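# Working through the structure, step by step
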Amino acid sequence: WCPRCVKGRGVGKPHRARRSEQTVPVFGFDYLHTSEASIDAESESVVTKKILVAKCQKTQCVFAHVVPQKGVDVDRYAVGRLVQDIRWLGHTKIRLKSDNEVAILKLLREVLKSLRIEGVEQAAEQHSAAYDTSSNGATKNACKQVGGLLRTLKSDLEDRLKRIIPV
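Quantities reported herein were computed from a predicted structural model and do not represent experimental measurements. Numbers given to residues run from 1 along each chain, matching the order in which its sequence is written. Under the rules for a predicted model, residues below a pLDDT of 70 receive no local features and side-chain atom pairs below 80 are neither given nor counted, while totals for whole chains, interfaces and linings still include all residues. Excluded from the side-chain calculation are hydrogens and water; included are all heavy atoms of the structure.

### Let's talk about the overall build of the chain
Selection rule: Labels follow the DSSP assignment, with helices taken as runs of H or I lasting at least four residues and strands as runs of E lasting at least two, numbered in each case from the N terminus. In this scheme, a residue with accessible area under 20% of its type's maximum is buried, one over 50% is exposed, and one in between is partly exposed, where area comes from a 1.4 Å probe on protein chains only. We call two residues contacting when some pair of their heavy atoms lies within 4.5 Å.
Along the chain, the regular secondary structure elements total four helices and five strands. Reading the chain from its N terminus to its C terminus gives the helix and strand order α-β-β-β-α-β-α-β-α. Within the chain, buried positions represent 32% of all 167 residues. Once local pairs closer than 6 in sequence are excluded, the contacts in the chain between residues at least 24 apart make up 63%.

### Here we look at the side chain of Asp30
We count it as follows: Two N or O atoms form a polar contact when they lie within 3.5 Å of each other; inside protein one atom must be a possible hydrogen donor and the other a possible acceptor, and for residues adjacent in sequence the pair counts only when both atoms belong to side chains.
With respect to the element layout, Asp30 can be found in strand E1 (residues 26-37). Of note is the side chain of Asp30, whose polar atom sits 2.6 Å from the side chain of Lys140. Residue contacts for Asp30: discarding those within four places in its chain leaves Ile51, Leu52, Val53, Asp99, Ile104, Thr139, Lys140 and Cys143.

### Digging into the nonpolar core
What counts, and what does not: We define a nonpolar core as any set of buried Ala, Val, Leu, Ile, Met, Phe, Trp, Tyr and Cys residues linked to one another through side-chain atoms lying within 4.5 Å.
Grouped together as the largest cluster of nonpolar side chains are 24 residues, with contacts concentrated most on Phe27, Phe29, Leu96, Leu107, Val111 and Leu115. Those elements that place two or more of their residues in this core are E1, strand E2 (46-56), strand E3 (62-67), helix H2 (77-89), strand E4 (93-98) and helix H3 (102-117). Look past the residues within four positions of Leu107 in its chain and what remains in contact with it is Phe29, Tyr31, Leu52, Gly71, Val72, Ala78, Val79 and Leu82. The next biggest cluster of nonpolar side chains, apart from the first, holds six residues, and it includes Ile51, Val53, Cys143 and Val146.

### Remarks on the packing of H2 against H3
For clarity, the cut-off: Axes here mean lines fitted to C-alpha atoms, for a helix over just the part in contact, with angles spanning 0 to 180 degrees between N-to-C directions. The labels follow the angle: roughly parallel below 35 degrees, roughly antiparallel above 145, roughly perpendicular from 65 to 115, and oblique for the rest. Each crossing gets its handedness from the near helix: less than a right angle anticlockwise from the far helix is left-handed, clockwise is right-handed. All residues other than Ala, Val, Leu, Ile, Met, Phe, Trp, Tyr, Cys, Pro, Asp, Glu, Lys and Arg, Gly among them, are scored as polar; the first ten of these are nonpolar and the last four charged.
The N-to-C vectors of H2 and H3 enclose an angle of 55 degrees; their axes lie 9 Å apart at closest approach. Looking at the two axes, H2 sits oblique to H3. As for the relative orientation of H2 and H3, their crossing is right-handed in sense. Contact with H2, carried on its side by Ala78, Val79, Leu82, Val83 and Ile86, involves Leu107, Glu110, Val111, Ser114 and Leu115 of H3 and no other residues of that element. Across the contact of H2 with H3, the residue classes break down as eight nonpolar, one polar and one charged.

### Some details on unusual backbone geometry
Positive phi is not limited to glycine here, since Arg76 has a value of about 55 degrees. Looking at where Arg76 falls in the secondary structure, it is placed in the loop between E3 and H2. The class of Arg76 is partly exposed, set by a relative accessible area of 33%. The phi dihedral of Lys162 is positive, around 55 degrees, even though this residue is not glycine. Mapping Lys162 onto the fold places it in the segment after helix H4 (137-161).

Right, dumping it as structure tokens:
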């Protein structure tokens, strides 16, 4: 914009977000659902897979795991994967962040228990504000990116194989 346009139509000084380095890394996670209608016209069923997506806001690492169900399954697969991801990152202090869905809260608490048993120095929980999807934006964005990547890879593979691949 020219100086006159800025002076005449500008609405004020821009607000710059202040990025302060957090001392304790935040590790957010949420579910991504992939679904598609069944190819078999008689059954007309919908196939759904649940993917647990996690993101460390300090390192920007994103993890994604197909899980058997929401929450804590019998084999504690989702708990083990999240604990393994956090251990891989090497953090000794961490805050786990999720939304307020019942299944994911149960998972969060089980991960906290496991981390404390395994000797993580400090592990705490943090939740998104109720009914505010933007307060867990980094994790939601990671879910969106993983979903887009999965669709891209599936589409490319189907094109190269000249076959439809079910979910």
